[in-house]
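Residue-level structural notes
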Amino acid sequence: MSPAPVLDARIAELTARHLPFVRATVVRARRPASARPGDTAVVLEDGRIEGFVGGVCAEATVRAQALRTLASGEALLLRISPEAEEKDASGEPEAEDGALNLRNPCLSGGELEIFLEPRRPVPRVLVLGDTPIARALTGLGPALGYEVAGPPGGGLTEESLTGARAVVVASHGRGEEAALTAAVRAGVPYVGLVASPGRGAAVVGALDLTPEQRDGIRTPAGLWIGARTPGEIALSILAEVVASVRGGSEPVDAAPEPVTRAAPAAPAGPAALDPVCGMTVAAVADTPHSDAGGERRWFCCEGCRTAFEADPGRYAEAR
């Protein structure tokens, strides 16, 4: 099977599983660039690249910028060139009208223009329970553009949890422990339990999870807005889910008493500076890195890593 159908099938699979990714398409290439117009790749949330949009140096730039577009949700025309880039007052590369010019010192003289299109699925919220609050949650969800529903078959499975952004357990004591444990272990960003402060703390404290995992469960679920009715409580829970999905934080006075809160997961990895060539790269697992010199450094390609490991002291001051 040729690369294009394989990539199309992969995109269809990621879409069906509600997994975010960026589609990167080469729209212009000037020799001696190795990529050609029409070459396509997908960049996954963890920084992995499947497909081809250029050599390792181009990939490093594409990976870093794709993760940023995945966080912002805004498409970007990325121009990569060995020439100097324009920078704003803060010294950062300046994007204008949806286009960004970046200097890549590793390129062998060619230029690339790559269109980065983030594909962020509609947030999926799984609600466990058949209670007034659970029904209110499923009723309010569509107004936000969210997919809010009970898990298929009524129980949480590895398949049903794939791509879920939030799990809310509102079953009033029925199957809570198993549902919370499954959601946390699956890495769902937001896990909430509808319960009183005392009962919620007791349920969470008895779970077979690490202390850090238990601390990530929101209970009582929802921001403090003085909610009383099922609809109001559902609104407060969805507000907290939105804060988690969008990477925000709740107000300082969101709750009248201490409750467990975990920082929302960032949708993109941090950036780092290649100490050899000075290029900005994504500090993710697929990026070459080294612990030589006692500190982890990240590199655009194997060549820069090899140069650093041969003489770490030479690049010790690079940031």
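Worth saying up front: this structure is predicted, and the values here are computed from it rather than measured.

1. Comments concerning the pattern of salt bridges
- Tallied over the entire structure, the rule returns 16 salt bridges.
- As a salt-bridge pair, R48 and D46 come within 2.7 Å of each other at their nearest N and O atoms.
- Of the residues examined, R48 reaches a relative accessible area of 35% and is grouped as partly exposed.
- Accessibility expressed as a relative area gives 37% for D46, which makes it partly exposed.
- Two residues, E117 and R119, come together in a salt bridge whose shortest N-O distance is 3.2 Å.
- When its relative accessible area of 28% is taken as the criterion, E117 is described as partly exposed.
- For R119, a relative accessible area of 28% corresponds to the partly exposed category.
- Three or more residues are tied together by salt bridges with common partners; here these are R28, R30, R79, E111 and E113.

2. So, the nonpolar core
- Residues V53, V62, L78, L112, I114 and L116 are the most contacted members of the largest nonpolar core, which totals 21 residues.
- For this core, the elements supplying multiple residues, two or more each, are strand 1 (21-30), strand 2 (40-44), helix 2 (56-72), strand 4 (76-81), strand 6 (99-103) and strand 7 (111-119).
- Every residue in contact with V53, bar those within four places of it in the chain, is listed here: A24, V26, A35, D39, T40, A41, A58, V62, L112 and I114.
- Core analysis: the second largest hydrophobic core is formed by 20 residues, L128, L180, A195 and L207 among them.

Rules of the game
Residues numbered from 1 in each chain as written. Predicted model: local features only at pLDDT ≥ 70, side-chain atom pairs only at ≥ 80, totals over all residues. Heavy atoms only, no water. Salt bridge = Lys/Arg side-chain N within 4 Å of Asp/Glu carboxyl O. Buried < 20%, exposed > 50% of the residue type's maximum accessible area, 1.4 Å probe, protein only. Core = buried A, V, L, I, M, F, W, Y, C linked by side-chain atoms within 4.5 Å. Helix = DSSP H or I, 4+ residues; strand = E, 2+ residues; numbered from the N terminus. Contact = heavy atoms within 4.5 Å.

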